[in-house]
Amino acid sequence: MTSIYLVRHCQAQGNVNRVFQGRIDSEISEEGRRQLDRLAERFRRIPLDAVYTSPLQRARLTAEALNRYHGLPVRTDARFIEIDGGCWEGHSWEEFPHTDPQQCDDWLNAPWRFQTRGGEAMACVYARMAEGLTAVAAAHPGEAVAVASHGCAIRNALCWARGWPIERLGEVPWADNTAVALLAWEEGRPRIVFENDCSHLEEKPSQVETSSWWRK
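Everything numeric here is computed off the predicted structure, so don't read it as measured data.

## Some words on the side chain of Arg155
So, step 1. Here Arg155 lies in helix H7 (residues 151–161).
So, step 2. Although Arg155 is buried, it forms no salt bridge, and the closest oppositely charged side chain is Glu195 at an N-O distance of 9.1 Å.
So, step 3. There is a polar contact of 2.9 Å between the side chain of Arg155 and the backbone oxygen of Val172.
So, step 4. Every residue in contact with Arg155, bar those within four places of it in the chain, is listed here: Pro111, Leu169, Gly170, Val172, Pro173 and Trp174.

## Here's the deal with the packing of helix H2 (residues 30–44) against helix H3 (residues 57–66)
So, step 1. The contact between H2 and H3 brings their axes to 7 Å, and the two run at 40 degrees. Classified by the angle between their axes, H2 and H3 sit oblique to one another. Residues Leu36, Leu39, Ala40 and Phe43 of H2 pack against Leu61, Thr62, Ala65 and Leu66 of H3.
So, step 2. Taken together, the residues of the contact of H2 with H3 sort by class into 7 nonpolar, 1 polar and no charged.

## A look at unusual backbone geometry
So, step 1. Of note in the backbone geometry, Thr178 takes a positive phi value of approximately 65 degrees without being a glycine.
So, step 2. Structurally, Thr178 can be placed in the loop between H7 and strand E5 (180–186).
So, step 3. Backbone geometry at Glu187 places phi at a positive 55 degrees, although glycine is not the residue there.

## Here we look at the pattern of salt bridges
So, step 1. Summed over all chains, the structure comprises 15 salt bridges.
So, step 2. Here Arg42 makes a salt bridge to Asp197, at a shortest N to O gap of 3.2 Å. Here the residue Arg42 occupies a position in helix H2, and Asp197 occupies one in strand E6 (residues 189–197), the gap between them amounting to 155 residues.
So, step 3. Given the relative accessible area of 13%, Arg42 is considered buried.
So, step 4. The salt bridge partner of Glu131 is Arg79, with a shortest N-O separation of 3.2 Å. Taken together, the residues span a long stretch of sequence, with Glu131 in helix H6 (residues 122–139) and Arg79 in the loop between strand E3 (74–76) and helix H4 (96–99) at a distance of 52 residues.

## Remarks on H2
Since the α-helix packs 3.6 residues into each turn, any two residues three or four apart lie on the same face.
So, step 1. Taking 1.5 Å per residue as the helical rise, H2 with its 15 residues ought to reach 21 Å, and the 21 Å between its terminal C-alpha atoms agrees with that figure.
So, step 2. Three or more residues of H2 are buried, namely Glu31, Gly32, Gln35, Leu36, Leu39, Ala40, Arg42 and Phe43.

## Focus on the pairing of strand E2 (residues 50–53)
So, step 1. Alternating positions in E2 separate into two faces, Ala50 and Tyr52 on one and Val51 and Thr53 on the other, with burial throughout.
So, step 2. By the bridge criterion, 4 bridges tie E2 to strand E4 (residues 144–149) in an arrangement that is parallel. Of the residues in E4, the one forming a bridge with Val51 is Ala146.
So, step 3. Here 3 bridges tie E2 to E3, and the two strands are oriented parallel to one another. Considered in E3, the bridge of Thr53 is made with Thr76.
So, step 4. Handedness of the β-α-β unit built from E2, H3 and E3 comes out right-handed.

Parameters at a glance
Residues numbered from 1 in each chain as written. Predicted model: local features only at pLDDT ≥ 70, side-chain atom pairs only at ≥ 80, totals over all residues. Heavy atoms only, no water. Helix = DSSP H or I, 4+ residues; strand = E, 2+ residues; numbered from the N terminus. Buried < 20%, exposed > 50% of the residue type's maximum accessible area, 1.4 Å probe, protein only. Lys, Arg positive; Asp, Glu negative; His and termini not counted. Salt bridge = Lys/Arg side-chain N within 4 Å of Asp/Glu carboxyl O. Polar contact = N/O pair within 3.5 Å; in protein donor to acceptor, adjacent residues only side chain to side chain. Contact = heavy atoms within 4.5 Å. Axes fitted to C-alpha atoms, helices over the stretch in contact; angles between N-to-C directions. Parallel < 35°, antiparallel > 145°, perpendicular 65-115°, else oblique. Nonpolar A, V, L, I, M, F, W, Y, C, P; charged D, E, K, R; others polar. Expected span 1.5 Å × (residues − 1). Pairing = 2+ DSSP bridges. Right-handed = clockwise from strand over helix to strand, strands pointing away.

In structure tokens:
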């Protein structure tokens, strides 16, 4: 059985500033650095055979934390990058109901249809996450792998791992910063063992909870 630990990146400045980050290569916050220390300690006790990451630094630094006590090569795979938000990138979440009400409604109520001007279609995120995870599982039979990725990308991955079509994406919960999901590959298909596990962090309001106004 192949195990894939799918981990959302630590808190970044875009999370703090409440902007759509997408492909913007945001610096991480001080809280993000504390999260990484706790994540590293959690994974100190978890055997790993490989580590993969999105190219963006908030994910790369998360992958380095996952790898802190393992010394493995960290492999970059663009399939695990965040959705390209096109004209939304760098703008405040509070703007979108006024500047782009149709896409804002899609994001909240029909995310499978979401695509901004100049951005990536949500269906493409779903497809590339499925492709990337399937490829990693095939490359590491019987091994344990960690993959550092992003909130929207992971949501798509977990929708696919459930065996659901993208039209059910809105039913998948959002993952917190540094939340861990474990996928077990059996007979060529993933099974979700657990998801959105933040047991390594202090008990405090999560990024998802404190930002719930943008994702009803």
